[in-house]
Amino acid sequence: MLQTVGEWIWWDRLWLPGNLSWSALEDKEGRVYAKVSHLYASLPCALCLLVVRYLFERYFATPLANLWGIRDKIRLPAEQNPILEKYFCSQTRVPPQADVWSLCKKTGWPERRVQVWFRRRRNQERPGLRKRFSEASWRCAFYLFAFFGGILALYDKPWVYNLREVWAGFPKQSLLPSQYWYYMLEMGFYLSLVFSLTFDVKRKDFKEQVIHHMATLTLLSFSWISNFVRIGTLVMVVHDSSDILLEGAKVFNYATWHQTANGIFVVFAVVFMVTRLIIFPFWLIHCTWVYPLELYPAFFGYYFFNVMLLVLQLLHLYWAALILRMVYKFIFTQLEGDDRSDKEEDDSDPPIERNHKPSHMNGSGARGRANGH
């Protein structure tokens with residue numbers, strides 16, 4: 001049964017155009033083609049990048065944070081309370097008002113004290129400024145390295161300047177060493193991001209980031225297997241160009257170099273709009289949607305690849321809306337940090353609560369003050 005399923009999954013008609021078969025992509029006459037077995041190299045590459053990241057953050061990002069005086073905010077710890085801790089861990093971090101009143105009865109605490117406890121407990125879960133700085137520094141360094149690596153691999157290739165050359169001789173296009181290493185580096189990086197999701201900084205667009213990573217890995221894997229390598233390298237270099245600026249703006253913002261961060265952010269916004277909303281859909285997706293049909297009739301792999309590109313484009317539109325909102329704040333109000341980040345909450349205990357802690361049963365007094373806070 002497994003053999004039958006495997007034969008169906010790797011059926012030539014699904015992934016290759018025309019009457020071509022996988023035997024046509026076997027190495028011969030000095031030509032080397034991308035193979036499924038090559039993708040296994042992305043796993044050790046991802047593990048190596050995790051080690052490099054650890055070393056980078058410890059021996060470069062941390063000393064740089066010390067040099068620039070980046071410090072974590074001192075947070076007041078939440079009081080020990082098993083009832084609230086159990087509720088926080090098993091139910092929700094932000095209790096509705098009805099649950100707050102119920103917890104007041106169970107703990108014997110006034111409403112304000114329960115609310116302050118949850119604010120402090122949520123703050124304990126948030127990553128510190130130094131962690132965010134280290135993570136942004138690592139991503140900025142990687143994207144910078146990958147972008148210029150991609151430029152070196154592509155600058156002399158004819159398909160960069162004439163997109164019809166992407167499909168010249170497809171799928172019998174020999175694999176170049178520069179393409180192999182560029183792919184393995186990018187796939188290893190995104191795979192490492194999937195591995196580190198549990199301990200990386202979680203932002204408001206966490207779900208969209210997961211979808212992006214999975215769509216990217218699926219696209220890279222499929223484009224490698226079906227020898228869509230030329231267009232794959234173009235997609236990667238276009239994405240990396242704006243990611244450098246985004247992470248660089250975060251680095252300088254965390255270091256409180258706000259004017260520098262704002263300047264880089266403006267450049268990032270322009271580059272993002274040009275690369276993700278103009279070049280990507282009207283050049284690259286057009287290249288994959290129109291030009292192949294001039295050579296072969298549509299096949300499943302053609303539709304699959306273009307649908308995955310459209311998924312990425314929908315994410316680009318979502319992030320473009322966030323960026324435009326941040327640009328609006330930057331121009332008309334005041335922009336502070338990354339709009340996707342989870343903001344620190346005020347966890348101070350007001351003097352009225354420290355000096356006088358009435359029971360929640362004292363009528364509308366304590367509840368009224370809580371509602372008016």
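Note that the coordinates shown come from a computational prediction; the quantities given were computed from them, not determined experimentally.

**Let's talk about the overall build of the protein**
Scanning the protein from terminus to terminus reveals 15 helices and 0 strands. When each of the 373 residues of the protein is scored for burial, the buried share is 48%. For the protein, the exposed area adds up to about 19,500 Å²; of that, 65% sits on carbon and sulfur atoms.

**Here we look at the nonpolar core**
Of all hydrophobic cores here, the largest spans 72 residues; its most connected members are V166, F189, W224, F228, I231, L234 and L284. Where this core is concerned, the elements lending two or more residues are α2 (12-15), α3 (42-67), α7 (129-154), α9 (177-195), α10 (206-225), α11 (229-254), α12 (258-289) and α13 (300-332). At 11 residues, the largest contribution of residues to this core is made by α13. Setting aside anything within four residues of it in sequence, one finds L284 in contact with L163, I231, L234, V235, V238 and I279. Residues L84, Y87, F88 and V100 belong to the second largest nonpolar core, which totals 11 residues.

**Some thoughts on the confidence of the model for the protein**
Confidence in the prediction of the protein, expressed as mean pLDDT, is 84, and 85% of residues score 70 or more. Throughout residues 351-373 the model reports pLDDT below 50, and contacts reaching past four residues in sequence, or to other chains, amount to 28 contacts.

**Quick word on α10**
Counted at 1.5 Å a residue, the expected span for α10 with its 20 residues is 28 Å, and the 29 Å between its end C-alpha atoms agrees. Taken together, the buried positions of α10 are occupied by Q209, H212, H213, A215, T216, L217, L219, L220, F222, S223, W224 and I225.

**A few points about empty space enclosed by the protein**
Empty space among the atoms can be located by rolling a probe the size of a water molecule over them. Counted under the stated rule, the structure contains 4 cavities of 30 Å³ or more. Reported here for the largest cavity is a volume of approximately 150 Å³. For the largest cavity, the lining is made up of 15 residues, of which T216, L220, V235, M236 and L312 are closest to its centre. For the lining of the largest cavity, the secondary-structure elements that each account for two or more residues are α9, α10, α11 and α13. Looking at the lining of the largest cavity, its residues break down into 8 nonpolar, 5 polar and 2 charged.

**With respect to the side chain of H316**
Position of H316 among the secondary structure elements: in helix α13. Given a relative accessible area of 0%, H316 falls into the buried group. Setting aside chain neighbours within four positions, we find H316 in contact with H239, F272, R276, L277 and F280.

**Quick notes on the packing of α10 against α13**
Geometrically, a packed helix pair is captured by the angle between its two axes and the distance between the axes. Two elements in contact, α10 and α13, have axes separated by 10 Å at closest approach and are oriented at 150°. When the interaxial angle is binned, α10 and α13 end up roughly antiparallel. Both α10 and α13 take part in a crossing whose hand is left-handed. Of α13, the residues touching α10 (which contributes E208, Q209, I211, H212, A215, T216, T218, L219, F222 and S223) are G301, F304, F305, M308, L309, V311, L312, L315, Y318 and W319.

**Quick look at the pattern of salt bridges**
Taken as a whole and assessed by the stated rule, the structure comprises 11 salt bridges. Close ionic contact of E57 with R53 constitutes a salt bridge, the shortest N to O distance being 2.8 Å. Here R53 and E57 lie together in helix α3, a separation of 4 residues that amounts to about one turn. Across this residue pair, the class does not change: E57 and R53 are buried. The salt bridge involving K157 is made with D156; its shortest N-O contact spans 2.8 Å. Its relative accessible area of 13% is what places K157 among the buried residues. Overall, the relative accessible area of 47% leaves D156 in the partly exposed class.

**Quick word on the packing of aromatic side chains**
Counted according to the given criterion, the structure contains 32 aromatic pairs. Measuring from ring centre to ring centre gives 5.9 Å for Y87 and F118, while their planes differ by 85°; the resulting arrangement is edge-to-face. Of this pair, Y87 sits in helix α4 (residues 82-90) while F118 sits in helix α6 (residues 111-125), and the two are 31 residues apart along the sequence. Residue classification places Y87 among the buried positions, given a relative accessible area of 7%.

**Description of the packing of α7 against α11**
Two elements in contact, α7 and α11, have axes whose closest approach is 7 Å; the angle formed by their N-to-C orientations is 150°. The angle between the axes of α7 and α11 places the two elements in the roughly antiparallel class. The two elements α7 and α11 meet at a crossing, and its hand is left-handed. Residue classes in the contact of α7 with α11 are distributed as 15 nonpolar, 5 polar and 6 charged.

About the cut-offs
- Residues numbered from 1 in each chain as written.
- Predicted model: local features only at pLDDT ≥ 70, side-chain atom pairs only at ≥ 80, totals over all residues.
- Heavy atoms only, no water.
- Helix = DSSP H or I, 4+ residues; strand = E, 2+ residues; numbered from the N terminus.
- Buried < 20%, exposed > 50% of the residue type's maximum accessible area, 1.4 Å probe, protein only.
- Areas by Shrake-Rupley, 256 points an atom, 1.4 Å probe, with all protein chains shown as cover.
- Core = buried A, V, L, I, M, F, W, Y, C linked by side-chain atoms within 4.5 Å.
- Contact = heavy atoms within 4.5 Å.
- pLDDT = per-residue confidence, 0-100.
- Expected span 1.5 Å × (residues − 1).
- 1 Å grid on protein atoms, 1.4 Å probe; cavity = no way out; pocket = protein on both sides within 12 Å on 5 of 7 lines; lining within 4 Å.
- Points joined across faces, edges and corners; volume = space filled by probe spheres on them.
- Nonpolar A, V, L, I, M, F, W, Y, C, P; charged D, E, K, R; others polar.
- Axes fitted to C-alpha atoms, helices over the stretch in contact; angles between N-to-C directions.
- Parallel < 35°, antiparallel > 145°, perpendicular 65-115°, else oblique.
- Left-handed = near helix turned anticlockwise from the far one by under 90°.
- Salt bridge = Lys/Arg side-chain N within 4 Å of Asp/Glu carboxyl O.
- Phe/Tyr/Trp six-rings, centres within 6.5 Å; stacked < 30°, edge-to-face > 60°.

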